[in-house]
Amino acid sequence: FAVNKNEIMEKVSKIAAYIVNEYKEKFGSPIDEMKLHKLLYFGQRESYVLHDEPLFEGSFHAGQYGPVVLEIREMYRNGKLTEMPSDEFVKEKRDIFEKLWSDYASKSAWSLSDLSHGEISWKNAFERMENPQGPYNRIDDRDIRKDALKIKRRRENIKERI
């Protein structure tokens, strides 16, 4: 039974647009670019934790302050994050977005940056960089999966102790 990846994933730009809009609605102020990149990363990782699959199509790169999605930079800066995912997709991935809002969205961008620096995926890509200002190294999706597995095991251990 093969699943068409387009059925389970969205474009990263649509997820970014959703985060931008929801953030403004929930917190009453625009999200800054650094925080958007971190929420995208933690959303992608959370999708691996909860569903063992990516939330969106797109690649992360190791930036000085944590994971970034390069294609989102210009779109964010030029106000071009306007195309939203379907309501059906958002409902289907509700558990991921709820975790994103409850655990990450209220933290500062700098706090999220610090959190992302503890991730295997960011460390492995950043260590290969010759210059922290770029060009950026791509983060390997297998490393994001390793980070997700670490989180999943931690949560299972906590549940066992309760």
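Up top you'll find the structure we're talking about.
Right, let's walk through the structure included here. (Residues numbered from 1 in each chain as written. Predicted model: local features only at pLDDT ≥ 70, side-chain atom pairs only at ≥ 80, totals over all residues. Heavy atoms only, no water.)

### Thoughts on the pattern of salt bridges
Under the counting rule described, the total for this entry stands at 15 salt bridges. In this structure, glutamate 83 engages lysine 14 in a salt bridge whose closest nitrogen and oxygen atoms are separated by 3.3 Å. One end of the pair, glutamate 83, is in the loop between helix H4 (70-77) and helix H5 (87-92); the other, lysine 14, is in helix H2 (residues 12-27), and 69 residues separate them in sequence. Residue glutamate 53 is joined to lysine 93 by a salt bridge in which the shortest nitrogen-to-oxygen separation is 2.9 Å. (Salt bridge = Lys/Arg side-chain N within 4 Å of Asp/Glu carboxyl O. Helix = DSSP H or I, 4+ residues; strand = E, 2+ residues; numbered from the N terminus.)

### Details of unusual backbone geometry
Backbone geometry at aspartate 52 places phi at a positive 55 degrees, although glycine is not the residue there. On the secondary structure map, aspartate 52 appears in the loop between helix H3 (33-51) and strand S2 (56-57). Classification of aspartate 52 as exposed rests on a relative accessible area of 52%. (Buried < 20%, exposed > 50% of the residue type's maximum accessible area, 1.4 Å probe, protein only.)

### Here's the deal with the packing of aromatic side chains
In this structure the tally under the stated criterion is eight aromatic pairs. Ring geometry for tyrosine 18 versus phenylalanine 97: centroids 4.6 Å apart, planes at 55 degrees, classification tilted. Note that tyrosine 18 is positioned in helix H2 and phenylalanine 97 in helix H6 (residues 94-103), a separation of 79 residues in sequence. Exposure class is identical for tyrosine 18 and phenylalanine 97. Each is buried. When the centroid spacing of 5.5 Å and the interplanar angle of 80 degrees are considered together, the rings of tyrosine 41 and phenylalanine 60 count as edge-to-face. (Phe/Tyr/Trp six-rings, centres within 6.5 Å; stacked < 30°, edge-to-face > 60°.)

### Structural notes on the side chain of histidine 61
Relative to the helices and strands, histidine 61 resides in strand S3 (residues 61-63). Here histidine 61 falls in the buried class, since its relative accessible area comes to 15%. Beyond its immediate chain neighbours, meaning those up to four positions away, histidine 61 contacts Gly66, Pro67, Val68, Leu70, Tyr136, Asn137, Arg138 and Ile139. (Contact = heavy atoms within 4.5 Å.)

### Quick word on the packing of H3 against helix H9 (residues 141-161)
Relative to each other, H3 and H9 sit at 65 degrees, their axes nearing to 8 Å. Judged by the sense of rotation from one axis to the other, the crossing of H3 with H9 is right-handed. In contact with Tyr41, Arg45, Glu46, Tyr48, Val49 and Leu50 of H3, H9 contributes Asp141, Ile144, Arg145, Asp147, Ala148, Ile151, Lys152 and Arg155. By residue class, the composition of the contact of H3 with H9 is seven nonpolar, no polar and seven charged. (Axes fitted to C-alpha atoms, helices over the stretch in contact; angles between N-to-C directions. Left-handed = near helix turned anticlockwise from the far one by under 90°. Nonpolar A, V, L, I, M, F, W, Y, C, P; charged D, E, K, R; others polar.)

### Let's talk about the sheet that holds strand S5 (residues 137-138)
An order of S4-S3-S5 is seen for the three strands of this open sheet, with the pairing classed as antiparallel. Looking at the sheet topology across the chains shown, the edges are occupied by strand S4 (66-68) and S5. (Pairing = 2+ DSSP bridges.)

### Here we look at H2
With 16 residues, H2 ought to run about 22 Å at 1.5 Å a step, and its terminal C-alpha atoms sit 22 Å apart, in line with that. Restricting attention to buried positions, one finds in H2 the residues Val12, Ser13, Lys14, Ile15, Ala16, Ala17, Tyr18, Ile19, Glu22 and Tyr23. Where H2 is buried, its residues contact strand S1 (10-11), H3, S2, H4, H5 and H6. Glycine 28 occupies a position one or two residues after H2 and carries a positive phi of about 75 degrees. (Expected span 1.5 Å × (residues − 1).)

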